[in-house]
Structures are given as C-alpha cells and as structure tokens.
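A closer look at the structure
Each chain, letter by letter, is given below.
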Amino acid sequence: MTHEITLRTLSQHEVLACSEQLADVLIDCVEGGASVSFMLPLTRTTALQFWHDVAAGVGRAERTLIVAEDSAGILGTVQLITAMPDNQQHRADVAKLLVRRRARGAGVGRRLMEAVEGAARTQGRSVLVLDTADAVAARLYERSGWQRAGVIPDFAHLPDGALCATTFFYKRCQPVDAMRAER
C-alpha cells in the first residue's frame, strides 16, 4: 500500500452515504473468516442493514464510527460503543475492528485503534473492553497495551459454522478532562 491513509469519524448521514463501501468492507472480512457476528454467506442486504443500524446508533450518540480511507475508498472501520448502563458510564466497548484483506499489514488496524482510544479519552471513558477470536488481532491489542482478561472456549461461531474461543481484553485510559486537570 503506497496510498496515503486518512482517518475520520463519520456522522449518521455519512454512515448512510458510505453504506455501500462499509458493506463491502464487512463482506470482505466475513468472507476472509473474521468472527464479527455474521455467518456465511453474508448477503449484501444483511450487511447494509447492519450499517443502517450503526448509523442509527451514531445518530443517537450511542456509538462512534471511525473509518480509514485511501484514494480507493474505505479500508477499515472501528466502533466505540458508549451506550452503557448508568453504573458504567466511565467505560466503553470497542467493536468491529474491520480491515479489508488487501490493506492488512499496512498499519491500518493500529491507526484505527489509536483513533478509537483517542475518541474514548475525549468522551471521558477510562476503561475500554473488547473481544477477539483472531490471533493476529490479539497480538495487535497486546502490542498496543491492552491487557488480556481471559479466554472463553466455544464462545461464538466462525463464519463457516465452526465454534471458536474468544479472548477478552481491557485497557485503562485517562480521559482528556483528567489529563487537563493534572497540568
């Protein structure tokens, strides 16, 4: 990959406007074996419906969607889910780190994770949680300072139907307001 990669946070309207490209990313990842809640065959209709639901969550300020793009379009996505119960307003879930197969190994996942952690700090979140069934993603999270919390066997199905374990991770981060207070 020699193209410049940019990251941006999408509004509800932008998610809807980009839904075809977002569906392409999701389908590519699921067809590549990613355990991200979908089974094969993943229809375009199902993928588009997922992104329309994400757009609605963005519109309600329940989640933040960050995308990585190059001149050819969207390469990857990550979400920060902030719709938490009253006693968990200090935390958020990181979900659906998706990177097109053609863009893997180019630092897209790392940059998306840095961006989502920045968004969490800006939104006052001090504990982040995620899970993965992918060993490559697990290495990325560990290299990025995430702590392994544990593994649950047979947690979900891979897109082909086989059962897989998932590994849960957490990361403590300092919200922007707390960083300002220390200065």
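Note that the structure is a prediction, hence the values are computed from the model and not measured.

This part is about helix H5 (residues 135–143). When we look at burial in H5, the residues that qualify are Ala137, Ala138, Leu140 and Tyr141. Viewed along the axis of H5, the buried residues span an arc of 160 degrees, placing them on a single side of the element. In this structure, H5 carries Val136 and Arg143 as exposed residues pointing more than 90 degrees from its buried face. Its buried side turned inward, H5 meets strand S4 (91–99), helix H4 (108–122), strand S5 (127–132), strand S6 (147–157) and strand S7 (163–172). Backbone geometry just downstream of H5 places Gly145 in the positive-phi region, at approximately 90 degrees.

Glancing now at unusual backbone geometry. Cis rather than trans, the peptide bond between Leu40 and Pro41 has omega equal to -10 degrees. Examined against the element boundaries, Pro41 turns out to sit in the loop between helix H2 (19–31) and helix H3 (44–59). A positive phi angle is found at Asp154, which is not glycine, with a value near 50 degrees. Considering the arrangement of structural elements, one finds Asp154 in strand S6. For Asp154, a relative accessible area of 52% translates into the label exposed.

What follows concerns the environment of Arg104. In this structure, Arg104 sits in the loop between S4 and H4. The spacing of Arg104 and Arg8 is 96 residues in sequence and 19 Å in space, taken between C-alpha atoms. Each residue touching Arg104, except ones within four places of it in the same chain, is listed here: Cys29 and Val99.

The rules behind these values
Residues numbered from 1 in each chain as written. Predicted model: local features only at pLDDT ≥ 70, side-chain atom pairs only at ≥ 80, totals over all residues. Heavy atoms only, no water. Buried < 20%, exposed > 50% of the residue type's maximum accessible area, 1.4 Å probe, protein only. Helix = DSSP H or I, 4+ residues; strand = E, 2+ residues; numbered from the N terminus. Arc of directions from axis to C-beta. Contact = heavy atoms within 4.5 Å.

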